[in-house]
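# Structural characterization, general
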Amino acid sequence: MFWVLLLLLAWAVAGIACTRLCLAAVAAAAAEPRDGCADVDTGPGPDLTLYEAAFLSGGPARVADVTMISMARQRRLLLAHTGWATVVDPRGRDEMERSVIGAIGPEGQSRIAPVRAAAAGADAVRRLADGLVRAGLAVPDGGAGTTVSAGMRQVRAAAVAVLALGVAALLLPARTGMPAGLVALWFALPLTLCLSCLAIARFEARPYSRWASPAGQRLLGALARRPTGEGDERSFLTSVAVRGVRAIGEPNLRAAFAHRDQPWPPR
């Protein structure tokens, strides 16, 4: 009867994961009125700054990317296609640019990957995030969106675990005469529970962003729908802020960021 122990374990895994997802969904629904209040505070659609749009779209790393690209377009920072960043103008025009310059270091040259990581964790980015959270535009750490997303990941993992436990039970050498089809049917029940919870969460729960709250998502949507001028620098940087480095059309600049995850070469 060892397969019964596996069945009990499968039910425990499925039950815990589905319960957590349900509790997260209830907490998210309870938080919705606060999101609605945030909509009132933001007015009829205030303009997001470039850094705010970058954070709401891609988080701290996107802010660092946009800052470096903006400086490169102004010829104040050289981003080589080999993945190196070189300071041309050491005077930063705002906190974000000063964070990038400080991350590059006194030598004035560094690989893009460590610069990106250091700039993304700078105090300027944290203050930007705190301001967006207070305005109701960003999701706080452990907010409803991230909790629901984590709950769905747990249910997916539970479904895989139940399936693995069912296969293990079927492969047992002896099941005390229990037909294999009946054993499979018993394990199909917790698997059905997991799949049903995932289906309900997919169709009933609203789409959550890792960074932007529903109010922030609406502002980003309005920003993306605005007409862009051909060759407009602001439009280009806004596109990078919303879509990331894949929006870069310049081959050399795009190649610079393609090297950002490679290890440091010997000097």
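For the structure, check the block above.
Residues numbered from 1 in each chain as written. Predicted model: local features only at pLDDT ≥ 70, side-chain atom pairs only at ≥ 80, totals over all residues. Heavy atoms only, no water.

### Notes on the overall build of the chain
Looking only at helices and strands, the chain has 11 helices and three strands in total. A fraction of 73% describes how many contacts in the chain between residues 6 or more apart in sequence connect residues 24 or more apart. Accessible area for the chain stands at about 14500 Å²; split by element, carbon and sulfur atoms hold 62% of it. (Helix = DSSP H or I, 4+ residues; strand = E, 2+ residues; numbered from the N terminus. Contact = heavy atoms within 4.5 Å. Areas by Shrake-Rupley, 256 points an atom, 1.4 Å probe, with all protein chains shown as cover.)

### Thoughts on the pairing of strand β2 (residues 84-87)
Of the strand pairs in this sheet, strand β1 (residues 77-79) and β2 are connected by three bridges, and their pairing is antiparallel. The residue bridging L77 from the neighbouring strand is V87, located in β2. What sits between β1 and β2 in their antiparallel hairpin is a turn of four residues, with G83 showing a positive phi close to 95°. As paired strands, β2 and strand β3 (residues 109-111) are joined by three bridges and run antiparallel to one another. Residue pairing across strands places A85 opposite S110, the latter belonging to β3. (Pairing = 2+ DSSP bridges.)

### Some remarks on helix α4 (residues 95-104)
Every buried residue of α4 is listed here: M96, E97, S99, V100, I101 and I104. The N-capping residue of α4, defined by a side-chain oxygen 3.0 Å from the backbone nitrogen of M96, is D94. (Buried < 20%, exposed > 50% of the residue type's maximum accessible area, 1.4 Å probe, protein only. Polar contact = N/O pair within 3.5 Å; in protein donor to acceptor, adjacent residues only side chain to side chain.)

### Quick notes on the side chain of T67
Within the secondary structure, T67 is located in helix α3 (residues 60-73). A relative accessible area of 1% places T67 in the buried class. Beyond its immediate chain neighbours, meaning those up to four positions away, T67 contacts Y51, M96, E97 and V100.

### So, the sheet that holds β3
One open sheet accounts for three strands, arranged β1-β2-β3; its pairing is antiparallel. Looking at the sheet topology across the chains shown, the edges are occupied by β1 and β3. Neighbouring strand axes in the sheet, compared pairwise and without regard to direction, differ in orientation by 20° on average. (Axes fitted to C-alpha atoms, helices over the stretch in contact; angles between N-to-C directions.)

### Some thoughts on the environment of G249
With respect to the helices and strands, G249 occurs in the loop between α10 (233-243) and α11 (251-258). Taking the C-alpha atoms as reference points, G249 and F236, separated by 13 residues in sequence, lie 9.3 Å from one another.

### Section: unusual backbone geometry
Non-glycine residue R75 carries a positive phi angle of around 60°. Secondary-structure assignment places R75 in the loop between α3 and β1.

### Things to note about the environment of G216
Of note, G216 is situated in helix α9 (residues 214-225). A sequence separation of 77 residues divides G216 from V139, and the C-alpha atoms of the two residues are 8.9 Å apart.

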